[in-house]
Structure formats: structure tokens, C-alpha cells
Amino acid sequence: MEGTKPVNKKLAAALSGGAVLVLALSGCGSSEDSGNDKLNSWAKQVCDAVKPQAQKIEEANAAIQKQTSDNSTPEAVQKTDAQAFQDMSDAYKAIGTAVFNAGPPDVEDGKTKQTNAVKELNGISAQYAALKTQVAKLDTKDQAKFAEGLKGIATQLGQLSQSGNDALKKLEEGDVGTAMAQQESCKSASGSPGAANG
């Protein structure tokens, strides 16, 4: 029953690309002070909201990675992957909501940056939800069909993790990135999960 293993490894590889997305949002820029209190408090609000979601995405990634290293049945792979995609969908939605609730950052074109980032995050959330539906429909009784279906999902995941970065990168350019880099919650969001306690 080797069929799904290499494919699920491909899925895990594609997924780890997706995690980069959120860590990009965790702003590891320079640590100079932006000197803008309004912007700093905006960054704190966003970073505090991103931190638990970034952790959720890392945990969903880890679950899929674990499933690829075990000799898992298609049923187990399907269940884990569907749950992981649901968690990721929820996490991106929550980050989108956090950026929306924080309002535009106090920088030039702040409103445009905010609107684009929220739109992108919600779009990513919807795509993960669609992948969840797709993985849930796969035929676990037929190993070859299941592997084929997973391959299609891995391809989409790869595209999703590449396309997802643009508006977030734009949001983080310049002073916004600098302000986010100073926030403890953003620093630890991209550090080791063990460093954060609750």
C-alpha cells in the first residue's frame, strides 16, 4: 500500500510553503523604532491577533507532516488533511478580520494596503475551505484514485502558497514592517512554538 505515501509527502511539501505566508505576516524586519505611536499600536493589535493563528497554521502543518511520516491509511490521511485545511481556512479568516478591525495602518496608501491584504487573506481562507471539501470527497476505498486526487490537491496548494504573498508583502513594506518587527507577539510568532506560553 505504498500509493499515497509519496503523494502525501508532496502535499506536506506544498503545505509548508503555505506556512511561510503567515510567518511573512509576522514581520521580521529591522527593529528600528518607527517613532509612530499610532502605527505601533496598529502593529501591536495585528500582531497579537496573528500570533495564535500562526500557531494554529503551524499545528495544522505539523499534523499533515506527521501523517506523511506514519504509514497512514487513506482514511486517516483524509481525516487529518480535511481538519488541517479547515483550521487553516479559519486561521486566515481570523487574520483577515484582525487586519480589517485594526483599520488602515497610519502610512501612505494605508487604506489600499489594508483592503488588499484583507481581500487576499479572505481569498486564501476560501481556497483552503474549498480544498477541505475536495479532500473530503476523495475515494479512500480506491488507493490509486485517492493518490491521484491528493496529487491534484498538492498542485493547488503549491499555487496557493505562491500566489498568497503579494498583498501581505505590500502591507508590510516600509514603516508597517518596522513597527510589526518590534512587537513581541510578531517576534515570537515566527520563533519556536515552545517559546510562547499560552
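Scroll up a little and you will see the structure.
Treat the numbers as computed from the prediction; the structure is a model and nothing was measured. (Residues numbered from 1 in each chain as written. Predicted model: local features only at pLDDT ≥ 70, side-chain atom pairs only at ≥ 80, totals over all residues. Heavy atoms only, no water.)

Quick look at helix H4 (residues 110–137)
Here comes step 1: In a regular helix each residue adds 1.5 Å, so 28 residues correspond to 40 Å; H4 covers 41 Å between its end C-alpha atoms and thus fits that length.
Here comes step 2: Those residues of H4 that fall on the buried side of the exposure criterion are Gly110, Lys113, Gln114, Ala117, Val118, Glu120, Leu121, Ile124, Ser125, Tyr128, Leu131 and Val135. (Helix = DSSP H or I, 4+ residues; strand = E, 2+ residues; numbered from the N terminus. Expected span 1.5 Å × (residues − 1). Buried < 20%, exposed > 50% of the residue type's maximum accessible area, 1.4 Å probe, protein only.)

Thoughts on the packing of aromatic side chains
Here comes step 1: On inspection of all chains with the given rule, the structure shows two aromatic pairs.
Here comes step 2: Seen in terms of ring centroids, Tyr92 and Tyr128 are 5.6 Å apart; in terms of plane orientation they differ by 5 degrees. Their pairing is stacked. Within this pair, whereas Tyr92 is found in helix H3 (residues 74–102), its partner Tyr128 is found in helix H4, the two being separated by 36 residues in sequence.
Here comes step 3: The class for Tyr92 is buried, based on a relative accessible area of 0%.
Here comes step 4: Here the aromatic residues Phe85, Tyr92 and Tyr128 are joined through ring pairs into a cluster of three or more. (Phe/Tyr/Trp six-rings, centres within 6.5 Å; stacked < 30°, edge-to-face > 60°.)

Side note on the environment of Asp90
Here comes step 1: With respect to the helices and strands, Asp90 occurs in helix H3.
Here comes step 2: Overall, Asp90 belongs to the partly exposed group, its relative accessible area being 33%.
Here comes step 3: For Asp90 and Asn122, which are 32 residues apart along the polypeptide, the C-alpha to C-alpha distance reads 9.6 Å.
Here comes step 4: Not counting residues within four places of it along the chain, the set of residues in contact with Asp90 comprises Gln53 and Lys56. (Contact = heavy atoms within 4.5 Å.)

A few points about the pattern of salt bridges
Here comes step 1: If you walk through the whole model with that rule in mind, you get two salt bridges.
Here comes step 2: With its nearest N and O atoms 2.8 Å apart, the salt bridge here joins Lys44 to Asp48. Here Lys44 pairs with Asp48, and both are found in helix H2 (residues 37–69), just four residues apart, close to one helical turn.
Here comes step 3: Put simply, Lys151 and Glu148 hold a salt bridge, and the shortest N to O gap is 3.9 Å. Taken as a pair, Lys151 and Glu148 lie in helix H5 (residues 143–163) at a separation of three residues, close to a single helical turn. (Salt bridge = Lys/Arg side-chain N within 4 Å of Asp/Glu carboxyl O.)

Observations concerning the environment of Gln114
Here comes step 1: Residue position: Gln114 is located in helix H4.
Here comes step 2: On the basis of relative accessible area, Gln114 is assigned to the buried category, the value being 3%.
Here comes step 3: Counting along the chain gives 10 residues from Gln114 to Pro104, while the straight-line C-alpha distance between them is 5.4 Å.
Here comes step 4: Not counting residues up to four positions away in its chain, the partners in contact with Gln114 are Val99, Phe100, Gly103, Pro104, Pro105 and Leu171.
Here comes step 5: There is a polar contact of 3.5 Å between the side chain of Gln114 and the backbone oxygen of Gly103. (Polar contact = N/O pair within 3.5 Å; in protein donor to acceptor, adjacent residues only side chain to side chain.)

Here's the deal with the state of the cysteines
Here comes step 1: Here the structure, examined in full by the defined rule, presents one disulfide.
Here comes step 2: Between the sulfur atoms of Cys47 and its disulfide mate Cys186 the distance is 2.0 Å. Because the torsion about its S-S bond is -85 degrees, the bridge between Cys47 and Cys186 counts as left-handed. Here the residue Cys47 occupies a position in helix H2, and Cys186 occupies one in helix H8 (residues 184–189), the gap between them amounting to 139 residues. (Disulfide = S-S within 2.5 Å.)

Quick word on H3
Here comes step 1: Helix length check: H3, at 29 residues, gives a terminal C-alpha distance of 42 Å against a target of 42 Å (1.5 Å per residue), a fit within 8%.
Here comes step 2: One or two steps after H3, the chain reaches Gly103, where phi turns positive at roughly 80 degrees.

From the geometry alone we can't say anything about function, so treat these as descriptive.
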